[in-house]
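# Structural features, examined
Chain by chain, the residues run as shown.
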Amino acid sequence: MTSHSHPVILGQNQYGKAENRVVKITRDGGTHHIKDLNVSVALSGDLSDLHLTGSNAHCLPTDTTKNTVFAFAKEYGIESAEQFGIHLARHFVTSQEPIHRARIRIEEYAWERIAGSDANSRFIGADEVNHSFVRKGQETRVTQITYDGEKWEVVSGLKDLVVMNSTHSEFWGYIKDKYTTLQEAYDRILATTVSGRWRFNWTDDEQRMPNWERSYEQTRKHMLEAFAETYSYSLQQTLYQMATRIITHRAEIDEVRFSLPNKHHFLVDLEPFGLKNENEVYYAADRMYGLIEATVLRDGATAQIPVDMTNL
């Protein structure tokens, strides 16, 4: 009886420490600044022996990657999530022969100052409180930095940003078949939770690096202005305007992808109570939802942001 060999091939593999929560306080006299990050490191390269023979000769322990994140917060500070990720990626690829590629994913949680009351100086002998913060709940800022020793790819964005237009949205003129029950709407609420990613055209060290903090702030601003200013006939149209506004105004960005759930608000039927609902009382449904997704590119650019952004 002949034994049949089953050849097995090791595919893509990577490893590292995920979700390192690092908080950096910068003390500028009595005024403090906070950067609050969740950093995940994934390393790949000449690592097949790790899987095939159990040899750890090429393995930088994940515990070491964790320590590096904390040490770099001290050594380099955290100017921006992007800049911090770039320092880390460069370090792992250039300092370890077997590591050929590093991918750093970072979530950033924003904090804002709590303003002291006018009377506070009388009570606590201080002119102003500059060390108290409240965490902002509007969105989580995200970035992913990938480096292979030569080329960089930086994809930044945000998630969980909830927005609403209470009017200036319509939806009608769609296909109607025997399963269609939806009534046409000439004045509806348009609401969504924005998940967006944008790819920078900065790819190598010769190029001038974008100002990451300003870029984020301006990109977010243009995106929200487009949401507010678009008279919408569909969420698809609004998405396209949001992405287009970013690419038009931000020269450093070549590609934008949005994933927008249509958070439906249904007019409640108040007729049984003898009341007329004049676009005033709605039922907010969290499921099911329409999910609208699209990538918009600068002319000549190629799409690189993954279609499924769930883990990005």
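Everything discussed here concerns the structure shown above.
Bear in mind that the values here come from a model prediction, so they are computed numbers and not experimental data.

Bringing the overall build of the protein chain into the picture now. If you tally the helices and strands in the protein chain, you get 6 helices and 12 strands. For the protein chain, the C-alpha radius of gyration of 25 Å lies well beyond 20 Å, the compact-globule estimate for 312 residues. On the principal axes, the C-alpha backbone points of the protein chain span a range of 85 × 75 × 40 Å. Relative to its full complement of 312 residues, the protein chain shows a buried share of 41%. A total accessible area of about 18,300 Å² is found for the protein chain, and carbon and sulfur atoms account for 50% of it.

With that out of the way, let us pick up unusual backbone geometry. A cis amide bond links arginine 287 to the next residue, methionine 288, at an omega of -10°. Among the secondary structure elements, methionine 288 is positioned in the loop between β11 (282-284) and β12 (290-297). One non-glycine residue with positive phi stands out, namely histidine 168, at about 60°. Within the fold, histidine 168 resides in the loop between β7 (152-165) and β8 (190-200). Using a relative accessible area of 46% as the deciding quantity, one classes histidine 168 as partly exposed. Phi is positive for asparagine 279, close to 55°, though the residue is something other than glycine. When you line up the elements, asparagine 279 lands in the loop between β10 (265-267) and β11.

The next subject is the packing of helix α5 (residues 212-229) against helix α6 (residues 235-249). Running from N to C, α5 and α6 point in directions that differ by 140°, and their axes come no closer than 8 Å. As for how α5 packs across α6, the hand of that crossing is right-handed. Across the interface between the two elements, Thr219, His222, Met223, Glu225, Ala226, Phe227 and Glu229 from α5 touch Thr238, Gln241, Met242, Arg245, Ile246 and His249 from α6. Residues of the contact of α5 with α6, tallied by class, amount to 5 nonpolar, 5 polar and 3 charged.

Below, the discussion takes up the packing of aromatic side chains. Applying the stated criterion across every chain yields a total of 9 aromatic pairs. Ring centres of phenylalanine 200 and tryptophan 212 lie 4.9 Å apart, and the angle between their planes is 85°; on these two criteria the pair is classed as edge-to-face. Remark: tryptophan 212 occurs in helix α5 and phenylalanine 200 occurs in strand β8; sequence separation between them is 12 residues. The class of phenylalanine 200 is buried, set by a relative accessible area of 2%. Ring-pair connections join several aromatic residues into one group, and the members of that group are Tyr147, Trp152, Phe200, Trp202 and Trp212.

Here we take up the pairing of strand β6 (residues 140-147). Most of β6 sits inside the fold, with 8 of its 8 residues counted as buried. Side chains Thr140, Val142, Gln144 and Thr146 of β6 all project onto a buried face; the interleaved residues Arg141, Thr143, Ile145 and Tyr147 project onto the opposite face, where all are buried too. Across 8 bridges, the pairing between β6 and β7 is antiparallel. Bridge pairing in β7 places glutamine 144 opposite valine 155. Hairpin connection, β6 to β7: the antiparallel pair is bridged by 4 residues, and glycine 149 has positive phi, about 95°.

Attention now moves to the packing of helix α2 (residues 62-76) against helix α3 (residues 81-95). Put simply, α2 and α3 touch, their axes get as near as 10 Å, and they point 125° apart. With respect to each other, α2 and α3 are oriented oblique. In this structure, the crossing between α2 and α3 has a hand that is right-handed. Contacts between α2 and α3 involve Thr65, Thr68, Val69, Phe72, Ala73 and Tyr76 from the first element and Phe84, His87, Leu88, His91 and Phe92 from the second.

Both strand β2 (residues 31-45) and strand β3 (residues 99-109) contribute to a ladder of 10 bridges, which runs antiparallel. Bridging from a neighbouring strand, glycine 45 pairs with isoleucine 99 of β3. In this sheet, β6 lies alongside β3 in antiparallel orientation, the contact comprising 7 bridges. Paired with isoleucine 106 across the bridge in β6 is threonine 143.

Moving on, we get to the side chain of serine 195. Position of serine 195 relative to the elements: it lies in strand β8. Excluding residues that lie within four positions of it along the chain, serine 195 makes contacts with Leu158, Lys159, Arg257, Phe258, Ser259, Leu260 and Met309.

Here we take up the nonpolar core. Across soluble globular proteins, you tend to see nonpolar side chains buried next to one another. Among the nonpolar cores identified, the biggest contains 52 residues, and Val39, Phe84, Ile104, Val194 and Phe258 are the most heavily contacted of them. Top contributing element to this core by residue count: α3, with 7 residues. For phenylalanine 84, the residues in contact, after removing those within four places along its chain, are Leu37, Val39, Val69, Phe72, Ala73, Gly77, Ile78 and Ile106.

The next thing to look at is the environment of tryptophan 202. Along the chain, the position of tryptophan 202 falls in the loop between β8 and α5. Residues tryptophan 202 and glutamine 12, 190 residues apart in the sequence, show an inter-C-alpha distance of 26 Å. Apart from residues lying up to four places away in sequence, tryptophan 202 is in contact with Ile86, Trp152, Val154, Gln207, Arg208, Met209, Pro210 and Trp212. A distance of 3.3 Å separates the side chain of tryptophan 202 from the backbone oxygen of aspartate 204, its partner in a polar contact. A polar contact of 3.4 Å, which involves the side chain of tryptophan 202, links it to the backbone oxygen of glutamine 207.

Analysis parameters
- Residues numbered from 1 in each chain as written.
- Predicted model: local features only at pLDDT ≥ 70, side-chain atom pairs only at ≥ 80, totals over all residues.
- Heavy atoms only, no water.
- Helix = DSSP H or I, 4+ residues; strand = E, 2+ residues; numbered from the N terminus.
- Rg over C-alpha atoms; globule rule 2.2 N^0.38 Å.
- Buried < 20%, exposed > 50% of the residue type's maximum accessible area, 1.4 Å probe, protein only.
- Areas by Shrake-Rupley, 256 points an atom, 1.4 Å probe, with all protein chains shown as cover.
- Axes fitted to C-alpha atoms, helices over the stretch in contact; angles between N-to-C directions.
- Left-handed = near helix turned anticlockwise from the far one by under 90°.
- Contact = heavy atoms within 4.5 Å.
- Nonpolar A, V, L, I, M, F, W, Y, C, P; charged D, E, K, R; others polar.
- Phe/Tyr/Trp six-rings, centres within 6.5 Å; stacked < 30°, edge-to-face > 60°.
- Pairing = 2+ DSSP bridges.
- Parallel < 35°, antiparallel > 145°, perpendicular 65-115°, else oblique.
- Core = buried A, V, L, I, M, F, W, Y, C linked by side-chain atoms within 4.5 Å.
- Polar contact = N/O pair within 3.5 Å; in protein donor to acceptor, adjacent residues only side chain to side chain.

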